[in-house]
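# Commentary on secondary and tertiary structure
Letter by letter, the chains look like this.
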Amino acid sequence: MKRGTFQTLILLTLLVSTVYAQHGKISGSAIDRETREPLIGANVILVGTSLGAATDTEGEFMILNVSPGTYSLRATYVGYQQVTISNVKVVAGLTAFVEDIEMSPVALEGEPIQVVAERPLIEKSATNAVRILTSEDMENLPVRGAQDYFTLQPGVILQNERVHIRGSRSDEVGYLIEGASTKNIVSRDGGSLITTIPEALEEVLVQAGGYTAQFGGANAGIVQQNFRTGGQRLHTSFQMESDNFADAGEQFLNTYSYGYSDYVLTLSGPLFSRSVRFYLVGENYFIREHNPVFWSGSPQFWSDGAPVDTVYDSGLRGGTKGDMEVLNWDPGNVPGRFRNRYSVNGTLLFDLKQLQIRTAGAYTWQRRKGGEIGIYGITDYPVRNLFALERQPLNDYTEAFWNTKASYFITPKSFLELNLNIVDRRRETYDPFFGDDILAYGDSLRAAEHGWTYGGYSGLSQPYDFHGFPFQRPGYLLTGYTKDQRAYVGGSAALTAQMGRHELRAGGSTENWTVRNYFISGGRGGLPSLLGFLRLNPDSARVEDAMATMIRQQATPNIYGFDEFGNVLDKGDDGPRHPQFSSLYLQDKIEFSDLIINAGVRYDYIDMDAWALEDSTRPEYDLDEYTLLGIGKSKAHQFLSPRLGFSFPVTDRTVFHLQYGRFVQAPGLDVTYRGLAYSAYVLAAGYYFINPVGYDLKPERSTQYEVGFSHQFTDFAAFDLTAFYKDIKGQIQFDNILTATGWDISRYAAYVNQDFATTKGLEFSLRVRRINRVGAQVNYTLSDARGTNSFSRSAGGAIEGPGGEAPKIVVPQSYDQTHRGSMNVDYRFGPGDGGPILQRTGLNLLLTFNSGHRFTLAKSPGGLGQEDAAEGAILNDTDSRQRAPLEPINSSQTPWVFNLNVRIDKTVGIGGIDLNFYVYVQNLINKKNVINIYYATGNAFDDGFLSSVDGQQIVQSAGERFADLYQVINMENRQHNWRQNGFDLFGTPRQVRFGVSLEL
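Parameters at a glance
Within each chain, residues carry numbers counting from 1 in the order of the written sequence. Under the rules for a predicted model, residues below a pLDDT of 70 receive no local features and side-chain atom pairs below 80 are neither given nor counted, while totals for whole chains, interfaces and linings still include all residues. Derived side-chain values reflect all non-hydrogen atoms in the structure, with water molecules and hydrogen atoms excluded from consideration. By the criteria applied, helices consist of DSSP H or I runs no shorter than four residues and strands consist of E runs no shorter than two, each listed in order from the N terminus. Put simply, the radius of gyration uses C-alpha atoms, and a globule should come to 2.2 Å times the residue count raised to 0.38. Residue burial is assigned from relative accessible area. The probe radius is 1.4 Å, only protein chains are included, and a residue is buried under 20% of its type maximum, exposed over 50%, and partly exposed in between. It only takes one pair of heavy atoms within 4.5 Å for two residues to be counted as in contact. Pairing between strands is defined by DSSP: at least two bridges between them are needed. Angles shown run from 0 to 180 degrees and are taken between the N-to-C directions of axes, each axis being a line fitted to C-alpha atoms and, for helices, limited to the stretch in contact. The quantity called pLDDT is the predictor's confidence in a given residue, expressed from 0 to 100. A patch consists of residues exposed above 30% relative accessible area that lack any salt bridge, with like charges linked at up to 9 Å and nonpolar side chains (Val, Leu, Ile, Met, Phe, Trp, Tyr) linked at up to 5 Å. The protein chains shown are the only cover counted for residues, whose accessible areas, like all others here, come from Shrake-Rupley with a 1.4 Å probe. The rule for a salt bridge is simple: a side-chain nitrogen of Lys or Arg has to be within 4 Å of a carboxyl oxygen of Asp or Glu. Residues scored as charged are limited to Lys and Arg (positive) and Asp and Glu (negative), so that His and the chain ends carry no count. To locate a charge, take atom NZ for lysine, CZ for arginine, CG for aspartate or CD for glutamate. An arc is given here, and it is the one of the directions from the helix axis to the C-beta atoms. We call a set of buried residues a nonpolar core when its members are Ala, Val, Leu, Ile, Met, Phe, Trp, Tyr or Cys and they connect through side-chain atoms within 4.5 Å of each other. To estimate how far a helix should reach, multiply one less than its number of residues by 1.5 Å. Orientation is classified from the angle alone, with under 35 degrees giving roughly parallel, over 145 giving roughly antiparallel, 65 to 115 giving roughly perpendicular, and any other angle giving oblique. Gly falls in the polar group here, along with every residue not listed as nonpolar (Ala, Val, Leu, Ile, Met, Phe, Trp, Tyr, Cys, Pro) or charged (Asp, Glu, Lys, Arg). Working definition: rings of Phe, Tyr and Trp (its six-membered ring) pair if their centres are within 6.5 Å, and the pair is stacked with planes under 30 degrees apart, edge-to-face with planes over 60 apart, and tilted otherwise. Both a distance and an angle decide whether a charge sits over a ring: NZ of Lys or CZ of Arg must be within 6 Å of the ring centre and within 35 degrees of the ring normal. Counted as a polar contact is a pair of N or O atoms within 3.5 Å, where, for protein atoms, one must be capable of donating a hydrogen and the other of accepting one, and residues adjacent in sequence contribute only when both atoms are in side chains.

## Overview of the overall build of the protein chain
- Summing up its helical and strand segments, the protein chain has 13 helices and 58 strands in all.
- Taken over the C-alpha trace, the protein chain has a radius of gyration of 30 Å; the compact-globule value for 1000 residues is 30 Å, and the two agree within 12%.
- Over its C-alpha atoms, taken along the principal directions, the protein chain stretches across nearly 105 × 70 × 55 Å.
- Counting all 1000 residues of the protein chain, 58% fall into the buried class.
- Pairs at least 24 residues apart make up 72% of the contacts formed inside the protein chain by residues separated by at least 6 positions.

## What to know about the side chain of aspartate 396
- Within the secondary structure, aspartate 396 is located in strand S29 (residues 394-411).
- Not counting residues within four places of it along the chain, the set of residues in contact with aspartate 396 comprises Trp365, Gln366, Arg367, Arg426, Arg427, Glu428 and Tyr430.

## Brief notes about the sheet that holds strand S1 (residues 24-32)
- A sheet is described by the order of its strands in space; here three strands give the open sequence S4-S1-S7, paired in mixed fashion. Each of the sheet's edge strands pairs with one partner strand only, and the pair in question is strand S4 (60-66) and strand S7 (95-103). The mean inter-strand angle of the sheet, taken between neighbouring strand axes irrespective of direction, is 20°.
- Taken together, the five bridges between S1 and S4 define a ladder with antiparallel strand orientation. Looking across to S4, one finds that serine 29 is bridged to glutamate 60.

## Details of the sheet that holds strand S2 (residues 43-46)
- Taken in spatial order, the five strands make up an open sheet running S3-S2-S5-S6-S8, and their pairing is mixed. Strands at the two margins of the open sheet, each flanked by one partner only, are strand S3 (52-54) and strand S8 (113-116). Within this sheet the neighbouring strands show an average axis-to-axis angle of 20°, counted without direction.

## Description of the confidence of the model for the protein chain
- Within the protein chain, residue pLDDT values average 89, and 95% of them lie at 70 or more.
- At the level of individual helices and strands, the protein chain shows its lowest average pLDDT in strand S27 (residues 372-374), which scores 40, and its highest in strand S51 (residues 841-850), which scores 97.
- Scored below 50 in pLDDT, residues 372-378 makes 28 contacts in the model with residues more than four places away or belonging to other chains.

## Some thoughts on a nonpolar patch on the surface
- Together, Leu234, Leu267, Leu280 and Val344 make up a nonpolar patch on the protein surface, roughly 340 Å² of accessible area in all.
- The topology assignment puts leucine 267 in strand S19 (residues 261-271).
- Looking at leucine 267, the relative accessible area reads 37%, which means it is partly exposed.

## What to know about a negative patch on the surface
- On the surface, a cluster of negative charge is made up of Glu544, Asp545, Asp624 and Glu625.
- You can see glutamate 625 is positioned in the loop between strand S39 (620-622) and strand S40 (627-629).
- Residue glutamate 625 is classed as partly exposed on the basis of its relative accessible area, which comes to 42%.

## Here's the deal with helix H11 (residues 949-958)
- Those residues of H11 that sit buried are Gly951, Ile954 and Val955. Along the axis of H11, the buried positions cluster into a sector of 100°, meaning they face one direction only. Those residues of H11 that are exposed and aimed more than 90 degrees away from the buried face are Val949, Gln956 and Ser957.
- Against helix H12 (960-972) lie the buried residues of H11.

## Overview of the pattern of salt bridges
- If you walk through the whole model with that rule in mind, you get 57 salt bridges.
- Two residues, aspartate 396 and arginine 367, come together in a salt bridge whose shortest N-O distance is 2.8 Å. Of this pair, aspartate 396 sits in strand S29 while arginine 367 sits in strand S26 (residues 355-369), and the two are 29 residues apart along the sequence.
- In this structure arginine 367 comes out as partly exposed when scored by relative accessible area, which is 27%.
- Through salt bridges with shared partners, one network takes in Arg131, Arg166, Glu706, Asp720 and Glu763.

## Here we look at the nonpolar core
- Ranked by size, the top nonpolar core spans 58 residues in total, and within it Phe150, Ile165 and Phe401 carry the most contacts.
- Apart from the residues lying within four places of it in its own chain, the contact partners of isoleucine 165 are Gly155, Val156, Val173, Val206, Ala208, Ala220, Gly221, Val223 and Lys726.
- With 42 residues, the next largest nonpolar core counts Phe301, Ala870, Tyr935 and Leu985 among its residues.

## Comments concerning H12
- The end-to-end C-alpha distance of H12 is 17 Å, a good match for the 18 Å that 13 residues give at a rise of 1.5 Å each.
- At the exit of H12 stands arginine 974, carrying a positive phi of roughly 50°.

## What to know about the pairing of strand S30 (residues 414-430)
- Two elements, S29 and S30, share 17 bridges in a ladder whose sense is antiparallel. Pairing of glutamate 399 across the sheet is with arginine 425, part of S30.
- What sits between S29 and S30 in their antiparallel hairpin is a turn of two residues.
- Alignment of S30 against strand S33 (residues 481-499), held across 16 bridges, turns out to be antiparallel. Paired with arginine 426 across the bridge in S33 is glutamine 485.

## As for the pairing of strand S16 (residues 235-242)
- Pairing between S16 and S19: eight bridges, direction antiparallel. In the strand pairing of S19, histidine 235 is matched with serine 268.
- Where S16 lies against strand S58 (residues 991-999), six bridges are found, and the strand directions are antiparallel. Within S58, the residue paired with glutamine 239 across the bridge is serine 997.

## Looking at the packing of H11 against H12
- Taken N-terminus to C-terminus, the directions of H11 and H12 make an angle of 125°; their axes are 6 Å apart at the nearest point. The orientation of H11 relative to H12 falls into the category oblique. On H12, the residues that touch Ile954, Val955 and Ala958 of H11 are Glu960, Phe962 and Ala963.
- The residue makeup of the contact of H11 with H12, split by class, is five nonpolar, no polar and one charged.

## Overview of the packing of aromatic side chains
- The final tally for this structure, using the stated rule, is 38 aromatic pairs.
- Measuring from centroid to centroid gives 5.7 Å for phenylalanine 791 and tyrosine 815, while their planes differ by 70°, and the two rings are edge-to-face. You can see phenylalanine 791 sitting in the loop between strand S48 (774-787) and helix H9 (796-799) and its partner tyrosine 815 sitting in the loop between strand S49 (811-812) and strand S50 (819-828), a full 24 residues away along the chain.
- On the accessibility criterion, phenylalanine 791 (30% relative accessible area) is partly exposed.
- Each member of the aromatic cluster is reached from another via a ring pair, and the members are Phe387, Tyr464, Phe466, Phe469, Phe471, Phe945, Phe962 and Tyr966.
- Positioned over the ring face of tyrosine 918 is arginine 903, at 4.3 Å from the centre of the ring.
- Here the guanidinium or amino end of arginine 993 rests over the ring plane of tyrosine 260, the centre of that ring lying 3.6 Å away.

## Observations regarding the environment of arginine 770
- Counting through the fold element by element, arginine 770 comes out in strand S47 (residues 747-771).
- Taking C-alpha positions, arginine 770 is 30 Å from serine 783, a pair spaced 13 residues apart along the chain.
- Leave out the neighbours within four places in its chain, and arginine 770 touches Gly775, Asp826, Tyr827 and Arg828.
- Looking at arginine 770, its side chain comes within polar contact range of the main-chain oxygen of arginine 773, at 3.0 Å.
- A polar atom in the side chain of arginine 770 sits 2.7 Å from the side chain of aspartate 826.

Below, the structure written as structure tokens:
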């Protein structure tokens, strides 16, 4: 089917079809309190909305299309007392059961009856494991942020800032806000493109893999975030929290301040009339150290009993011998980096009885300083850049999200829904002095204007050599130039009909993406090389076409959607990529008292808009224009995925559930989205590339089975136990492609679909409703994740070795954590409880733990290789050729990790204003948790270099001061590991934050 024809079909179908909307429903019955007979025709309404229903001949009612939130339900019947049930909690995709509203007959109008509903401890309508965090749950936790909330749930792992669900790779996790996808489809690290403010969230749901046919584009799990809706009265709140109790480098109670502050303002309520309601949240977040780590201060050398921090250049690295600097930095805070973010989230609801229009939006502007982000990952090692920190790169982000949903009730039991959503995230990384004037980045003449001295016209400066350690001089270029865009416009329509016990949905959706990228490195082969070549070829630089070719040849940029000069390009071979994801599905939810069935089938159309080689054994390229030849667009893929789920409410307190489903998604598209100049460079260069290109890739597929058991064993406690098994195929892996005999090149590296994995495990959740001031929740996951490779380039060392083949043996995955869990206890005094001192006081304790992750002990095949001695020859994840395993792959595990957070708060009422004072501490005992290790030694405190033969030789030639610097820079502050691997070896240190909030 041609792409244009399919788009037309989808758009026509959307006019009469639906995607899954982020709403729930309320089901229940009304009966005579004395006779227990059903009441026919009783009116049941949601207070403050136009939604409601009348009971049928069985006394039953059902209210559809209810936005997530907490409601009051009012039942009225002629000759009976009015009954109001408050605290009815509605969760997206689930049914809130309010059974047997008991109404008493009266001769005269009596006082209305008020009933407070209790939140159910088990969800009878869920046919898969759904983990729910409400705004009340999140409010008291001693963490802050959506990711901190949902990574506490069973089946979810956070490792090195990547989220894994049920043993899958991080790009297999989907993210939804208000029903619209915000998943970063271009990144293998996954994540959401949009930032949310905690105070804007009504609920966060995690569906760990067993979701129904409405959902797609994610093989591992779905993280759903839904915003709050304004109430019937005007409400405002203001909150501020900070850790600014000490200056940088100083301590308070053995704790450092990281320059953190967070200000949040909310405003909500009716607008013009009660039928129009809004909820608006604004936030400013700032932190001086954007990623707090365990960080020691600078070394002190001793001479005649006095500390000395002055060092002199030996000149051995090309600098001027005798140049002097003062080697000094503060402990606690990594120098030279910060994060400043402004965000707005909100909703606007028009409740016009039969017609409801709900708009949700989010916007964020963020600036971060420090680290270079580009095709080669993150490089951030501030100690060796200590004297050039003023040129640490700036990273600017803008995020925009908009979703409008119009719902129209055709009948009381059927409604039509239309949706339009837009997601747009843009980023720019640049030098703080020259911005987008990229030719100035390495220009010695422009550098001289700032007092910097280079070794040549475009040669940059030679580093200092202090006791054998390189340090960059002032003005050294620390970044290239990057800008990109990830954006889509999506549409959907919805028709939902309740027909007896059947809730029928037929649906479809479409996402039409625009992806652009511009990257030129500031290092070797990037901007300095381009500038040097331009100086020798000034005539070519004056002709635009010749200049564009020079940029492609000399700087080997990764560009698409922009031209060589950074201007937006909308067409041509290097134009933007336009992947399209469209779907249709049919879903039937059948609800009986003792059986609930979710049966559906999903059709996915996936067009990745990627390049395919006409003949993969004869790749063609033009090195004059630096582009590929003999290419075409990859074909679109179509899949049918059945989903089937059962829930068996054996009693009101015991429920079994079963789920089966097949799932499909595109891989992280950065493996295939490369500009033609970069792609030609990879083919022609003939040497090892750590990040090649994938051609004509196919979607990844998985099949999952799930069985669960939920039981409420007391009036206040219930548990859920769920077992799962997953089979994953077609994951992306690095490989070598052999070419035809006699071709210009014998082989080339590329990403292909060849990895597979199986994961299985048990998830346990225990929830204790508040009783005698105490509420608690315990989550635990036992898992086993195995596959041929853990990441998309894990096989790089194997294919470059003697055999030249990627591993096909199933081994434990590097991110597998056999045991993982959390325990949260909340002890709280209510109003009037505990006397004047303790009333409205709370204590929340959060303990998290895990058994560590898998790794392989290894050794270097030979000496320092191409690495500087300052790198210590550590083995890294970027280039696996540099390690030879000493044991079966991933047969070792890092140590167990334990972390304790605590929050204490006190609320005081003053003249109608509630003031809440609180303090929360993350990592209360300041435990230095080991989260990664050195592969050569298996621990995080010694990389083994100084005691090795190579290390001893370096110390003998460079002197003991080299060993002193090595200890502080690399062992205490892990600079070589940050540079080589892009992550730290330890968890975050203790952080203490004080706050106050007021509500009126």
